[in-house]
Amino acid sequence: MNAFKLAASVAVMAWASAAHSAETLTMWYHGAGNEVESKIINQIITDFNGSQSDWKVELQSFPQAAYNDSVVAGALAGNLPDILDVDGPNMPNWAWAGYMQPLKIDETKIANFLPGTKGVWNGQLYSIGLWDAAVALVTRKSTLEELKLRTPTVDAPWTKDEFMAALDAAKASGKWEYALDLGTAWTGEWYPYAFSPFLQSFGGDIVDRSTYKTAEGALNGDAALAFGEWWQGLFKNGYAQATQDPADRDGGFAAGKYAFSWNGNWAALGALSAFEDTVFLPAPDFGNGPKIGAASWQFGVSANSKHPEGAAAFIEFALQDKYLADFSNGIGLIPATPTAAAMVDNYKEGGPLAVFADYSNKSGLVRPVTPGYLVQAKVFEKAAADIANGADVAATLDAAVDEINADIEKNNGYGH
Amino acid sequence: MALISPDNRGLRLATRYAVLVLIAVIFIFPLVFMLMSSLKPDQQLLLDSGSLRAFMPVGDISLENYSAAFRRAPVATFIFNSVLVTGITVVLSLAICSAAGFAFVFVNWKGRGVMLSILLATLIIPFETTAIPLLLLASKLPWIGLDGITWGWLNSYRVQIVPFIADGLTIYLFVQYFKDLPHELVEAARVEGASWPQIYRKIVMPLSGPILATAAILKFLVMYNQYLWPLMVTQEEGYRPVMVGLQYFFQLNVAWGEVMAYLSMITVPVLAFYLYLQKAFIASIASTGVKG
């Protein structure tokens, strides 16, 4: 009898123990190879795992350049994790393709987040970012003084004429190899992220956002043609390089090759260390307000997850200001909330990078929120590169429109 | 018509050597650039890249990029994985493909001509076209291991090895080489009562050193440079090979010195393997006319 009681007790204890053991949640992250990022994300996971006993997050990191392909392969093989991170503009495609499910978190907790950090598709939140990125026109105070240029602000940015006059002055001075570093060496997403806001400031767009069913008129209308002519002129008239050595992109501004550099806030600390008087100017206004790209990496829940509530609990846990501040301190990006920004020396009021938060808030525009963006981004990149290299503007934009429209049609409108 | 004299023979020799040296320099410069750059800090590397200093160990030289590369990524794991996967695949490939080539050339069986044609036709199919069906298959295959039967081969060494053991090109190389071997040897062995496996093992393979070296080097290069397939099938860092590992170094601001240090380290096994087999490789090219 005693033996029976003992066995029963052991069985009950084993059951109780099993009942309380934490469910494992797998997570994929794009930061492999980035020591700082890995350290922070691992810290968040350790803190989360230690803060409760229901869930245990396990991380697999991927190198950023290979991340999207890995997720697509994982989705094909039915092998996605519970939690994944996604580059903002890709989210609608992954949601539409069935890789992700809506993110069920307490939305009051993200009420003060920067708009670009919220990944919304079809009226539902799918992903949320701990930071955003922003682009600025990097130059030196001494350059502005030497060329006798007005210092623009996001509320009073340079007009197109002022911007071109600044480039003319830099070119005429003969002090720099090129007036403007656009970063054409960075192919891929840099093109739509950094250059399509110029098009949008002209009044055009990659696709017609009112329906998302055509690019006709948006990418080949009068505004887009004006953008194309202006864009081509930058290279034809020797202000910038259509083909750039990656080494020049990385070190050209610091080496004094360029008067102005169109670059992201992730490169801002490097520019400041090269020149103490580095300043970050807002995007020029080409007629429809200054525009810069918004939305960076965000966290979401995969459609495969059997524990979406656990995945959402982790994401909600990661949204604490202290983690937003840690990421910002570590990788230089803009904290998603003003309260977190106040905790970061670079972004607090008067901080050297605080202007980026202002630019993101006031001129940030998310890339087209459509599953078709993946194709549209590539088409835009090709068109921008072709035009930069001398292709006929109208014909190139018409061809781009045809390609985008054919893709939308092939995919039955991508659910719009 | 120019007269041949000791004088102009020397000149021709000098010219020939000058051309060979020039070609050698052109081929060796990228390696020298890589090695020298791996010793320099990023800023100096970028500044030097526009001049001959890029090929010289000048300036602020150190091994810092190497230690930084180890801090950034599990380099030793990546190299180990690549060497393991490549080594096993090469060995199995030589065994299987040579046996297949032997069967095509020496064994008389119905339909071998058609089979060889089909095999050769596979040479024109790029791997990218079969990658996705192969991924779907690999994700569902069973495996019997210590844990019993498990389903799915993802995140394993076998998924990186098995699909590449046999391929049309390697079999074709063996077929071509075996065709040139004296068939009288095989016929004599058959008359003496030797079995096919015995002939394969004791007569044909001992004569196949050059083609084994060629096939080994070609397979080694293909396997060591694998990127797409391991990227698709290895979500766990512990199974990733060197080429996927290279992506760890391409962050938003690329640390070029570390990239060069990593490339220098992962190039060592390739050079060592080639140098080990180069005599047999050259002999094979000379005897079969195969362009490696």
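Residues numbered from 1 in each chain as written. Chains lettered and ligands numbered in written order. Predicted model: local features only at pLDDT ≥ 70, side-chain atom pairs only at ≥ 80, totals over all residues.

J.: Whenever I open this one, the overall build of chain B confuses me. Can you help?
T.: Counting its secondary structure elements, chain B contains 14 helices and two strands. A compact globule built from 292 residues would reach a C-alpha radius of gyration of about 19 Å, whereas chain B, at 24 Å, exceeds it by more than 25%. By principal-axis analysis of the C-alpha atoms, chain B measures approximately 75 × 70 × 30 Å. Expressed as a percentage of contacts within chain B between residues at least 6 apart in sequence, the contacts between residues at least 24 apart total 73%. (Helix = DSSP H or I, 4+ residues; strand = E, 2+ residues; numbered from the N terminus. Rg over C-alpha atoms; globule rule 2.2 N^0.38 Å. Contact = placed C-beta atoms within 7 Å.)

J.: How do you make sense of the sheet that holds strand S9 (residues 178–181) of chain A when you look at a structure like this?
T.: Each strand in a sheet pairs with its neighbour through backbone hydrogen bonds, running either in the same direction (parallel) or in the opposite one (antiparallel). Residues and elements named next belong to chain A. Across the sheet, which stays open at both edges, the four strands sit in the order S9-S10-S8-S11 with mixed pairing between neighbours. If you trace the sheet from one side to the other, it starts and ends with S9 and strand S11 (278–281), each paired once. Going across the sheet, the axis of each strand differs from the next one's by a mean of 20°, ignoring polarity. Sheet analysis places strand S8 (residues 135–140) next to strand S10 (residues 258–264), joined by four bridges and oriented antiparallel. Pairing of Leu137 across the sheet is with Trp262, part of S10. With respect to the sheet, helix H6 (residues 160–173) is in contact with S9 and S10, its orientation differing from that of S9 by roughly 130°. (Pairing = 2+ DSSP bridges. Axes fitted to C-alpha atoms, helices over the stretch in contact; angles between N-to-C directions.)

J.: Is there a simple way to explain unusual backbone geometry in this structure?
T.: Residue and element names in this part refer to chain A. Despite not being glycine, Lys148 shows a phi value in the positive range, around 55°. A positive phi angle, near 85°, is found at Ala295, a position not held by glycine. Structurally, Ala295 is set in the loop between strand S12 (292–294) and strand S13 (297–302).

J.: What exactly am I supposed to notice about the pairing of strand S2 (residues 148–151) of chain B here?
T.: For a regular strand, the rule is simple: side chains alternate between the two faces of the sheet. Residue and element names in this part refer to chain B. One ladder, built from four bridges, connects strand S1 (residues 142–145) with S2; its direction is antiparallel. Bridge pairing in S2 links Ile144 to Ile149. Connecting S1 to the antiparallel partner S2 that follows it, the hairpin turn spans two residues.

J.: Is there a simple way to think about the domain arrangement of chain B in this case?
T.: By convention, interface size is frequently given as the accessible area that disappears when the constituent parts associate. Residues and elements named next belong to chain B. Per the domain assignment, the segments of chain B are domain 1 (1–62) and domain 2 (73–288). Taking only C-alpha atoms into account, the centre of domain 1 sits 34 Å from that of domain 2. In this assembly, nine residues from domain 1 lie in contact with seven residues from domain 2. Looking at the side of domain 1 that touches domain 2, the elements that each hand over two or more residues are helix H1 (6–37) and helix H2 (42–48). Looking at side-chain class alone, the side of domain 1 that touches domain 2 contains five nonpolar, two polar and two charged residues. (Domains from an automatic or database assignment. Nonpolar A, V, L, I, M, F, W, Y, C, P; charged D, E, K, R; others polar.)

J.: What am I meant to see in the packing of helix H15 (residues 373–388) of chain A against helix H16 (residues 393–410) of chain A here?
T.: All names here are of chain A. Between H15 and H16, the least distance of the axes is 10 Å, while the angle of their chain directions is 170°. As summarised for this structure, H15 and H16 are arranged roughly antiparallel, according to the angle between their axes. Counted together, Val375, Gln376, Val379, Phe380, Ala383, Asp386 and Ile387 of H15 and Val393, Thr396, Leu397, Ala400, Glu403, Ile404 and Asp407 of H16 form the full contact between these two elements. Taken together, the residues that form the contact of H15 with H16 break down as nine nonpolar, two polar and three charged. (Parallel < 35°, antiparallel > 145°, perpendicular 65-115°, else oblique.)

J.: I'm lost on the interface of chain B and chain A in this one. Help?
T.: The interface is formed by 25 residues belonging to chain B together with 24 residues belonging to chain A. For the side of chain B that touches chain A, the element with the most residues is helix H6 (residues 127–138) of chain B, which contributes three residues. Each residue belonging to the side of chain B that touches chain A can be placed in one class, and the counts come to 14 nonpolar, seven polar and four charged.

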